[in-house]
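The lines below spell out each chain.
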Amino acid sequence: MAMQLYTFWRSQAAYRVRIALHLKGLEYERHTINLLKGEQFSDSYRKINPESVVPTLIDGDTKLVQSLAILEYLEETHPNPPILPTGAADRAHARALGQIVAMEAHTLLVPRIRKYLEQVLGLDEETRMNWIRHWNDTASAALEAVLASDPRTGKFCVGDSPTVADICMVPHISSTIVLYNNDISRYPTIQRIYETCMALDAFSVTHPLKQPDAAPGEH
Ligand SMILES: N[C@@H](CCC(=O)N[C@@H](CS)C(=O)NCC(=O)O)C(=O)O
């Protein structure tokens, strides 16, 4: 039976899992949880994911949450093609690059945080956009600095095939591109690797704007 993925077109975390599923050639059925309409808080979805976030992946009797844990699960259950390099040090490096964007930046930019800034702290839109750009840029700058100087950087973030580092970087940069009107030239190494990734189906057909539930005008 195909895996079941609870996803939303705009979600960076769900995009990570879509990329990994495609890289590994795994079939899945999608269930849209519209985060803009608050469907993550419905009783039925809360029973599936008490944190009220996407993604959730169901594999038979196994329910999986948290995208980075899901990537590790997919790697352990379907090792080929691998999404982690060989060797403990390189694996730690790939995971660390992924976590720079997935944990340090993305966590501060999700809808519930934006809502809190607006509704509880009463920050205006300009201040909230400054928050988003600041944390987004902090992670991008760190990632660029590492990728530009580390000898392990290859066609992809680590070596010459995609790893969890690329799987986290591409959704982050897809959002960055929207923030900066398609101009990410200030991050030349990231830009080169992003373009290499986007030439692969696993990254392009899973892109937010290619999703059946995509609604770019919806806020
Ligand atoms: N660390 C989690 C993040 C999950 C997460 O926050 N997902 C966002 C979409 S990218 C979400 O569902 N947000 C709902 C909300 O903030 O209300 C993961 O990697 O899976």
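Residues numbered from 1 in each chain as written. Predicted model: local features only at pLDDT ≥ 70, side-chain atom pairs only at ≥ 80, totals over all residues. Heavy atoms only, no water.

Student: Would you mind showing me how to read the site of the ligand here?
Tutor: In the vicinity of the ligand, 17 residues are found, and the nearest of them are Gln40, Val54, Gln66, Ser67 and Arg112. At 2.8 Å, a backbone N or O of Arg112 approaches an oxygen atom of the ligand. The fraction of the free accessible surface of the ligand (510 Å²) that becomes covered by protein chains is 93%. Mapped onto the shell around the ligand, the elements with two or more residues apiece are helix H1 (12-23) and helix H5 (111-119). When its residues are assigned to classes, the shell around the ligand shows eight nonpolar, seven polar and two charged. (Near = heavy atom within 4 Å. Polar contact = N/O pair within 3.5 Å; in protein donor to acceptor, adjacent residues only side chain to side chain. Areas by Shrake-Rupley, 256 points an atom, 1.4 Å probe, with all protein chains shown as cover. Helix = DSSP H or I, 4+ residues; strand = E, 2+ residues; numbered from the N terminus. Nonpolar A, V, L, I, M, F, W, Y, C, P; charged D, E, K, R; others polar.)

Student: Before we go on, may I ask you to explain a nonpolar patch on the surface in this structure?
Tutor: On the surface, Tyr116, Val120 and Leu121 cluster together to form a nonpolar patch covering roughly 310 Å² of accessible area. If you trace the backbone, Val120 turns up in the loop between H5 and helix H6 (125-149). Among the residues examined, Val120 registers a relative accessible area of 52% and is labelled exposed. (Patch = residues over 30% accessible without salt bridge, like charges linked within 9 Å, V, L, I, M, F, W, Y side chains within 5 Å. Salt bridge = Lys/Arg side-chain N within 4 Å of Asp/Glu carboxyl O. Buried < 20%, exposed > 50% of the residue type's maximum accessible area, 1.4 Å probe, protein only.)

Student: Would you explain the pattern of salt bridges in this entry?
Tutor: Proximity of charged atoms lets side chains of opposite charge pair with each other. Per the counting criterion, the structure on display carries six salt bridges. The partner of Lys24 in a salt bridge is Glu75, and the shortest N-O contact between them spans 2.7 Å. Residue Lys24 is located in the loop between H1 and strand S2 (28-32), and its partner Glu75 is located in helix H3 (residues 67-77); the two are separated by 51 residues in the primary sequence. Comparing Lys24 with Glu75, the two get one shared label, buried. Between Asp90 and Arg152 there is a salt bridge; the shortest N-O distance is 3.3 Å. Linking Asp90 in helix H4 (residues 88-105) with Arg152 in the loop between H6 and helix H7 (164-179), this pair joins segments that are 62 residues apart in sequence.

Student: Looking at this structure, how should I read unusual backbone geometry?
Tutor: The general pattern is negative phi for most residues beyond glycine and trans for most peptide bonds. Between Val54 and Pro55 the backbone carries a cis peptide bond, its omega angle lying at 5 degrees. Mapped onto the fold, Pro55 is located in the loop between helix H2 (43-48) and strand S3 (56-59). Residue Pro81 is reached from Asn80 by a cis peptide bond, and omega for that bond is -5 degrees. Backbone geometry at Gln66 places phi at a positive 70 degrees, although glycine is not the residue there. Within the element layout of this structure, Gln66 appears in the loop between strand S4 (62-65) and H3. Since its relative accessible area comes to 45%, Gln66 is described here as partly exposed.

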